Amino acid sequence: MWQYFGLVPAVLFLLVFSTDFEADAQVFMRMPQLAPTLGMGGAAVAYPSLNAGVGQEAALGLGESSGVWMGTTLPYGLTGWQSLRLTAILRTSHRDGLGLDVAHSGIEAYDEQRLRLLYGRRLSRALLIGASADILRVLAREYGQSTKATFSLSALTNPIPELWLGAQVYNPIQIEVSGIAIPAVLRLGAAWNASSTFIASLEIEKDLERPTQFRLGTIYRPLHALALRLGARGEPLCLAIGADVRIAYGLILHTAAEWHTALGVTPAFAVAWQRPPSTR
């Protein structure tokens, strides 16, 4: 039965996604990104904060406040495509934290889900490490479903005050879902924390199935209640823009849009709550 599994998503999506395949825990489709990450081009592996969700597991060792993000995207304006994500983090101490990440992406005939349990810990002033355990599930309505588990490892370091370096390896054992191999993915990045108002982040991602992808993101915070994001990634070239607006009582609204040069615009929206610093 499973030898026919790939026909459903392949017929529906192969022409569209053959140039935009992102292998971060997926078989055919790109898992949704939260709006703040999308707005910075996805360049989050070295991002030294949790105010945009969890860029990678080791960041939980920063010991920032607990929070919840709920978001949706509309990939390339395709209204029949459901794309949802929920991320929650719990600050367990000033040196570590736990995370839960749930993502869903699919259409009526085919969908994928990912459930991740994350942990990060600070080992020293300049070194943090993290890991996640992932459960992946794919479902084709007429052919059945398959569920597999994998993991990732990550590190974040701050060798000098303004510079952060990050690394993550995802699925190092290269599991298969329904006979389709999910590539191991290596992400490497650097972030320049120039000041409390500006951060620039650069990231490269490599797997065995496609050329190296570059990502660039910037965050500018002119006001405490407002942050502006710009990003780019390729190849193919995609440009992104986003904004964060702090409301009150720890509530934050995130909006973003990414423009794919061939496929069009992907809008995204998320609402978040982070425990205010005064209540830590």
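Residues numbered from 1 in each chain as written. Predicted model: local features only at pLDDT ≥ 70, side-chain atom pairs only at ≥ 80, totals over all residues. Heavy atoms only, no water.

### Quick look at the overall build of the chain
In step 1: Assigned secondary structure in the chain consists of two helices and 16 strands.
In step 2: The buried share of the chain, reckoned over its 280 residues, is 50%.
In step 3: Here the contacts in the chain between residues at least 6 apart in sequence split such that 49% fall between residues at least 24 apart.
In step 4: As displayed, the chain has an accessible area near 12400 Å², and 68% of this comes from carbon and sulfur atoms. (Helix = DSSP H or I, 4+ residues; strand = E, 2+ residues; numbered from the N terminus. Buried < 20%, exposed > 50% of the residue type's maximum accessible area, 1.4 Å probe, protein only. Contact = heavy atoms within 4.5 Å. Areas by Shrake-Rupley, 256 points an atom, 1.4 Å probe, with all protein chains shown as cover.)

### Regarding the pairing of strand E2 (residues 82–91)
In step 1: Sheet topology note: the strand E1 (residues 67–73)/E2 ladder contains six bridges and is antiparallel. Within the sheet, the bridge partner assigned to Gly 71 lies in E2 and is Arg 85.
In step 2: Across ten bridges, E2 lies against strand E3 (residues 96–106) in antiparallel orientation. When the bridges of E3 are listed, Leu 86 appears paired with Val 102. (Pairing = 2+ DSSP bridges.)

### Brief notes about the pattern of salt bridges
In step 1: Within this structure, the stated rule accounts for eleven salt bridges.
In step 2: For the salt bridge of Glu 203 with Arg 215, the shortest nitrogen-to-oxygen distance reads 3.0 Å. In this pair, Glu 203 sits in strand E11 (residues 198–207) while Arg 215 sits in strand E12 (residues 210–223), placing the two residues twelve residues apart along the sequence.
In step 3: Residue Arg 215 is classed as buried on the basis of its relative accessible area of 3%.
In step 4: The shortest N-O distance in the salt bridge between Glu 205 and Arg 215 comes to 3.1 Å. You can see Glu 205 sitting in strand E11 and its partner Arg 215 sitting in strand E12, a full ten residues away along the chain.
In step 5: Three or more residues joined by partner-sharing salt bridges are found here, namely Glu 57, Arg 85, Asp 101, Arg 114, Arg 116 and Asp 134. (Salt bridge = Lys/Arg side-chain N within 4 Å of Asp/Glu carboxyl O.)

### Considerations on the nonpolar core
In step 1: The biggest cluster of nonpolar side chains holds 22 residues, and the ones touching the most others in it are Leu 128, Leu 156 and Trp 164.
In step 2: Taken together, the elements giving at least two residues each to this core come down to helix H2 (35–39), strand E15 (251–260) and strand E16 (264–274).
In step 3: Residue contributions to this core peak at three residues, all from E16.
In step 4: Residues contacting Leu 128, with those up to four places away along its chain left out, are Ala 58, Gly 61, Leu 62, Arg 121, Arg 122, Leu 123, Ser 154, Ala 155, Leu 156 and Trp 164. (Core = buried A, V, L, I, M, F, W, Y, C linked by side-chain atoms within 4.5 Å.)

### Digging into the side chain of Asp 244
In step 1: Turning to its location among the elements, Asp 244 is positioned in strand E14 (residues 238–246).
In step 2: A polar atom in the side chain of Asp 244 sits 3.0 Å from the side chain of His 254.
In step 3: Sequence-distant contacts of Asp 244, that is, excluding residues within four places in its chain, are made with Pro 36, Ala 225, Leu 226, Ala 227, Arg 229, Ile 252, Leu 253 and His 254. (Polar contact = N/O pair within 3.5 Å; in protein donor to acceptor, adjacent residues only side chain to side chain.)

### A short note on unusual backbone geometry
In step 1: The phi dihedral of Gln 174 falls on the positive side, at around 50°, and the residue is not glycine.
In step 2: Positive phi, normally seen in glycine, also occurs at Tyr 249, with a value near 55°.
In step 3: Along the polypeptide, Tyr 249 turns up in the loop between E14 and E15.

### Considering the environment of Gly 166
In step 1: Inspection of the secondary structure puts Gly 166 in strand E7 (residues 163–170).
In step 2: Through-space distance from the C-alpha of Gly 166 to that of Ile 129 is 9.7 Å; in sequence the pair is 37 residues apart.

### Quick notes on the side chain of Ser 66
In step 1: Considering the arrangement of structural elements, one finds Ser 66 in the loop between H2 and E1.
In step 2: In this structure the side chain of Ser 66 is engaged in a polar contact, spanning 2.9 Å, whose partner is the backbone nitrogen of Arg 91.
In step 3: Leaving out residues up to four positions away in the same chain, Ser 66 has contacts with Ile 89, Leu 90, Arg 91, Trp 273, Gln 274 and Arg 275.

### Brief notes about the pairing of E16
In step 1: Sheet topology places E1 next to E16; seven bridges connect them, and they run antiparallel. Each residue of the ladder has a partner; that of Thr 73, found in E16, is Ala 268.
In step 2: Judged from the ten bridges that link them, E15 and E16 form a sheet pairing that is antiparallel. Along E16, the bridge assignment pairs Leu 253 with Val 271.
In step 3: The antiparallel pairing of E15 with E16 creates a hairpin that spans three residues between the two strands.

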